[in-house]
Amino acid sequence: MKVPALLSLIGGKTYSLLRDLTSPEKPAEKNFEDIVKLLKDHLSPRPSVIAERFRFNRRQQMDVESVNEYVAKLRKLAECKVKITNSEYCEFGNNLNDTLRDRIVCGLNNEQIQRQLLSKTTLTLQKAIDIAVAMETASKDTQELRDKQVSVNKLSHQHNYQQKTDTPQPSKCIRCNGKNHASADCYFKDAVCRKCNNKGHIKRACLTKGKHKFKTAKQKKYVRNVDKTESDDSDSSCGIEKLSMNSVIKADDCPILLNVRVNGKDIQMELDTGSAVSVISEEKFREIFGKQPLKSSNIKLRTYSGEKLKSVGVLDVNVEQNGQSVTCELYVVKKGTTTLFERSWLKDLKLDWKNVKSVMSVTTMKSESKSKVQAILQKYSSVFRDGIGRVKGIKANLHLNEDAKPIFCKARPVPYAMKPKIEQELENLENMGILEKVDTREWATPIVTVPKKNGNVRICGDFKVTINLKLNVDQYPLPKIEDIFASLSHGEHFSKIDLRQAYLHMEMEEKSKAYLTINTHKRLYRYNRLLYGVASAPSIWQRTMDQILQGIPGVHCILDDMIVTGKTEKEHLRNLDSVLQRLQNFGLEANFEKCKFFSDSVKYCGHEVTKEGIWKT
């Protein structure tokens, strides 16, 4: 009896996997123990002791990492290994503290702290941590005090004669301007200068003239924006306006990209409120619009430093964005890389600034990766709109027992202080078409109100006293956490997508709407969507999400939470694009505030998921 019961409960995906593992035999021909062993060996293979210890032993302290942070990371790696099989694979046993102590001493990047720890004949784990933290704190305090000291020159009587001496004067240290030590032994050889941001000296020994004269590659700045200036010399007599570049951006500052429809062509433009005109390069213009004629331009373009930009011409174009359509001027320049969406267009076109701000708040990552993620989020900005979407092409249906008799419950009294909030929520749901007023019904369910953190309320039906007693509940298995995490083990980055009030996306069949009538202190309302509290809701929604996301690799969904990953950055971005496209096509909308994109770690179903492992939180 165990075998058929197991095969019926593991779900279609796991059964298909099991069938491949037992081929050419059928799974039903195996006994229970063999089936369990096959699945365990495949989904949870025994970890390699060498690989696990290699990850632990190669962990070094990073430059921006404090001793406490480094110790915490080591503990996490060690505890993770211990939790896997209670120390059986790692074989740390009672030597765990000694192993951590040795790794801390070997992995510290400060030689002075290492030298102090190695000088101790008896050194415990806690003692090593205390000494390292104390020395690190003292080093930071000393450096801060030295940087804040004010030097006072010595006052002495000046003789009217010069005293000659052959004694050589000690040379200054190039790192701190000190005279009592060599530059190679200077305490500040690893310090970062607060004036030029270069490593190897401090501010008082910096030779840079002016603040931030030298910049690293990441701090390099480029000029891109165009602005109007006063005309001068001969240009003013010709009625020619001058436009100069007025804004600078850092190379790692990711641009804000907008998808705009210009003369029926989709163009990706960079939002730039500092630019006086919208510009496009001639090469890009010909690529999109072909040999369309241009009007002559009466303006001159200049860069920030005064160099002239050759203007090819101007074209009156029809611009469509966010459901609006206006006629604007688009200037074509001889050379350029970025198509700019300028501030004069903003006078006639109103942007969805909330979505623009949402795209800007993507988690910190490499500039190139961040730009790609922002482009994907901007492409599917409709998925993150306020409100509740509606699943296209799929409707839910409730099946009651044949002998089910209608149950009508009276409305429950609610506190007077809650009435305005409940009435406001009912009005909002009615305006969105989620529920509608009805006069009489055979079924009526009392409501339960749940306060939200923002002060509003969520209205749920107490269906356990009505239809849940008579409902023939759909049987559809929810994915197992172990199966999901086993497939995420090779992911490098992770994205989490949270749907806003997921069940309310699902429209009900006309016959089933009558079962979802609620009785409030105002009147009767009938829900047109699936809602929380219905016993069949989790199964119906999970089946729907499996259908919507079917065929997309690297994605898993449990009810309203989705997690997306990939073995490489390119694969992850491709999977994320496919998921958002599928959500947009089916009319689903997500809560951007609860989403997280392209992160090294995410919290999912009570676990912290990272590329190094999965821990229960």
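Residues numbered from 1 in each chain as written. Predicted model: local features only at pLDDT ≥ 70, side-chain atom pairs only at ≥ 80, totals over all residues. Heavy atoms only, no water.

Visitor: Before we go on, may I ask you to explain the sheet that holds strand 14 (residues 435-438) in this structure?
Guide: The pairing of strands in a sheet comes from backbone hydrogen bonds and takes either a parallel or an antiparallel form. The five strands lie next to each other as 14-20-19-15-16, forming an open sheet whose pairing is mixed. A single partner strand is all that each edge strand has here, and the edge strands are strand 14 and strand 16 (457-461). Taking the axes of each pair of neighbouring strands and ignoring which way they run, one obtains an average angle of 45 degrees across the sheet. Pairing geometry for strand 15 (residues 445-451) and strand 16, over five bridges, is antiparallel. The residue of strand 16 that forms the bridge with Val-448 is Cys-460. Of the strands in this sheet, strand 14, strand 15, strand 16, strand 19 (517-519) and strand 20 (524-527) are in contact with helix 14 (residues 419-431), which crosses strand 16 at around 75 degrees. (Pairing = 2+ DSSP bridges. Helix = DSSP H or I, 4+ residues; strand = E, 2+ residues; numbered from the N terminus. Axes fitted to C-alpha atoms, helices over the stretch in contact; angles between N-to-C directions. Contact = heavy atoms within 4.5 Å.)

Visitor: Got a minute to help me understand the pattern of salt bridges in this structure?
Guide: Summed over all chains, the structure comprises 14 salt bridges. In this structure, Arg-526 and Glu-510 form a salt bridge, with 3.5 Å as the shortest nitrogen-oxygen distance. One end of the pair, Arg-526, is in strand 20; the other, Glu-510, is in helix 17 (residues 510-513), with 16 residues separating them in the sequence. The network of salt bridges with shared partners includes Glu-436, Glu-510, Lys-513 and Arg-526. (Salt bridge = Lys/Arg side-chain N within 4 Å of Asp/Glu carboxyl O.)

Visitor: Would you explain the confidence of the model for the protein chain in this entry?
Guide: Close inspection of predicted coordinates is inappropriate in any region flagged by low pLDDT. Per-residue pLDDT for the protein chain has a mean of 76; in total, 78% of the residues score no lower than 70. The low-confidence segment residues 211-225 (pLDDT under 50) makes 41 contacts with residues lying over four places distant or belonging to another chain. This model gives residues 358-365 a pLDDT under 50, and the stretch forms 18 contacts once residues within four places in sequence are excluded. (pLDDT = per-residue confidence, 0-100.)

Visitor: Can you walk me through the packing of helix 1 (residues 2-9) against helix 3 (residues 32-43) in this structure?
Guide: Interhelical geometry of helix 1 versus helix 3 gives an angle of 35 degrees and a closest axis separation of 9 Å. Facing helix 1, whose interface residues are Lys-2, Val-3, Leu-6 and Leu-7, helix 3 presents Phe-32, Ile-35 and Val-36. Each residue belonging to the contact of helix 1 with helix 3 can be placed in one class, and the counts come to six nonpolar, no polar and one charged. (Nonpolar A, V, L, I, M, F, W, Y, C, P; charged D, E, K, R; others polar.)

Visitor: Explain the packing of helix 2 (residues 11-22) against helix 3 here, please?
Guide: Helix packing geometry: the angle between the two helix axes and the distance between the axes. Put simply, helix 2 and helix 3 touch, their axes get as near as 11 Å, and they point 100 degrees apart. One finds that helix 2 runs roughly perpendicular with respect to helix 3. Here Thr-14, Leu-17, Leu-18, Leu-21 and Thr-22 of helix 2 lie close against helix 3, whose contacting residues are Ile-35, Leu-38, Leu-39, His-42 and Leu-43. Taken together, the residues of the contact of helix 2 with helix 3 break down into seven nonpolar, three polar and no charged. (Parallel < 35°, antiparallel > 145°, perpendicular 65-115°, else oblique.)

Visitor: What am I meant to see in the nonpolar core here?
Guide: What tends to happen in soluble globular proteins is that the nonpolar side chains get buried as a cluster. The biggest cluster of nonpolar side chains holds 63 residues, and the ones touching the most others in it are Ile-497, Tyr-527, Met-545, Leu-580 and Leu-583. Sequence-distant contacts of Leu-580, defined by excluding residues within four places in its chain, comprise Ile-376, Leu-377, Tyr-380, Val-383, Phe-384 and Ile-497. Leu-258, Ile-267, Val-332 and Leu-351 belong to the second-largest nonpolar core, a separate cluster that totals 22 residues. (Core = buried A, V, L, I, M, F, W, Y, C linked by side-chain atoms within 4.5 Å. Buried < 20%, exposed > 50% of the residue type's maximum accessible area, 1.4 Å probe, protein only.)

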